[in-house]
Amino acid sequence: MEQAVVLETQQSGNLTELEGFVTGVLVEFPRRGDEVRLINRGHPAPLRILGDTVQYVEPGRRSLPLGLGALDAGPECVDTVPFPEGASLLLYTDGLTEARDETGTFFDLIGTCTGHLRAGPDALLDALIADQCRHTGGRRTDDMALLVITHAPNNS
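Being a predicted model, the structure only gives us computed values, none of them experimental. (Residues numbered from 1 in each chain as written. Predicted model: local features only at pLDDT ≥ 70, side-chain atom pairs only at ≥ 80, totals over all residues. Heavy atoms only, no water.)

Q: Looking at this structure, how should I read the sheet that holds strand 5 (residues 79-82)?
A: As a general point, the strands of a sheet are linked pairwise by backbone hydrogen bonds and lie either parallel or antiparallel. Spatially, 3 strands are ordered 1-2-5 in an open sheet, and the strand pairing comes out antiparallel. Edge positions in the sheet fall to strand 1 (24-28) and strand 5, since each has one partner strand and no second. Across the sheet, the mean angle separating the axes of adjacent strands is 30° when strand polarity is ignored. In this sheet, strand 2 (residues 35-41) lies alongside strand 1 in antiparallel orientation, the contact comprising 5 bridges. Within strand 2, the residue paired with leucine 26 across the bridge is isoleucine 39. (Pairing = 2+ DSSP bridges. Helix = DSSP H or I, 4+ residues; strand = E, 2+ residues; numbered from the N terminus. Axes fitted to C-alpha atoms, helices over the stretch in contact; angles between N-to-C directions.)

Following this line, the structure appears as structure tokens:
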């Protein structure tokens, strides 16, 4: 926990009180089938890239972050989404989408991904990081984690 405080202080320039909750997305890829199952606990919605379409995978029911579950009486919401061969899923933290330029405009995640539809996972991640750096003028005020998972063709 002490390292998290030091990192937060280094990135934001001041010490902030650590929260008593954490957001998260649990993603399950069944062994067989062309779908993905997700449980979203207050985290930014993943993006699914399929052909020429980029769309948020919004949860069917909003759930509170982990650590606040006692305030939420409903059952866990598991969303099942088509995930055929060639589809990609982008998981990211809000450090990507809440990045702003000098006028206060947020980073355009959908627009950036749309401009790199044919990129493989590594190239897409490189493009997102480079485009966000250009957007912010190189200023980072939050941590950022990115992961792209692509459903590759089964060659068996």
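Q: Sorry if this is basic, but what is going on with the packing of aromatic side chains here?
A: Think of a pair of aromatic rings as described by two things: how far the centres are apart, and how the planes are tilted against each other in angle. Following the criterion strictly, the structure yields 1 aromatic pair and no others. Relative to phenylalanine 83, the ring of phenylalanine 29 lies with its centre 5.4 Å away and its plane at 50°, an arrangement referred to as tilted. In this pair, phenylalanine 29 is assigned in the loop between strand 1 and strand 2 and phenylalanine 83 in the loop between strand 5 and strand 6 (88-92), connecting sequence segments 54 residues apart. Residue classification places phenylalanine 29 among the partly exposed residues on the basis of a relative accessible area of 34%. (Phe/Tyr/Trp six-rings, centres within 6.5 Å; stacked < 30°, edge-to-face > 60°. Buried < 20%, exposed > 50% of the residue type's maximum accessible area, 1.4 Å probe, protein only.)

Q: Would you mind showing me how to read the sheet that holds strand 6 here?
A: Strand order across the open sheet formed by 4 strands is 4-3-6-7, with antiparallel pairing between neighbours. For this open sheet the edge positions go to strand 4 (53-56) and strand 7 (146-150), each flanked by a neighbour on one side alone. Within this sheet the neighbouring strands show an average axis-to-axis angle of 20°, counted without direction. In terms of strand pairing, strand 3 (residues 47-50) meets strand 6 through 3 bridges, oriented antiparallel. Across the sheet, the residue bridging to leucine 47 is leucine 90, located in strand 6. Together, strand 3, strand 6 and strand 7 form the strand contacts of helix 4 (residues 121-136), whose direction differs from that of strand 7 by roughly 150°. (Contact = heavy atoms within 4.5 Å.)

Q: I tried to follow the environment of arginine 48 on my own but got confused; where do I start?
A: Summarising the element assignment, arginine 48 is placed in strand 3. Between the alpha carbons of arginine 48 and valine 148 there is a distance of 9.6 Å; along the sequence they are 100 residues apart. In contact with arginine 48, other than residues within four places in its own chain, are Thr53, Val54, Gln55, Val57, Val81, Pro82, Ser88 and Leu89. Side-chain polar atoms of arginine 48 contact the backbone oxygen of proline 82, separated by 2.7 Å. (Polar contact = N/O pair within 3.5 Å; in protein donor to acceptor, adjacent residues only side chain to side chain.)

Q: What should I look at first to understand the nonpolar core in this one?
A: Nonpolar side chains tend to gather and get buried jointly when the protein is soluble and globular. Residues Leu90, Leu109, Cys113 and Leu128 are the most contacted members of the largest nonpolar core, which totals 15 residues. Those elements that provide at least two residues to this core are strand 3, strand 6, helix 3 (109-114) and helix 4. Apart from residues no more than four positions distant in its own chain, leucine 90 is found in contact with Pro46, Leu47, Leu109, Cys113, Leu125, Leu128, Leu147 and Val148. In terms of nonpolar packing, the next biggest core, distinct from the first, is built from 8 residues, Leu38, Val57, Val81 and Ala87 among them. (Core = buried A, V, L, I, M, F, W, Y, C linked by side-chain atoms within 4.5 Å.)

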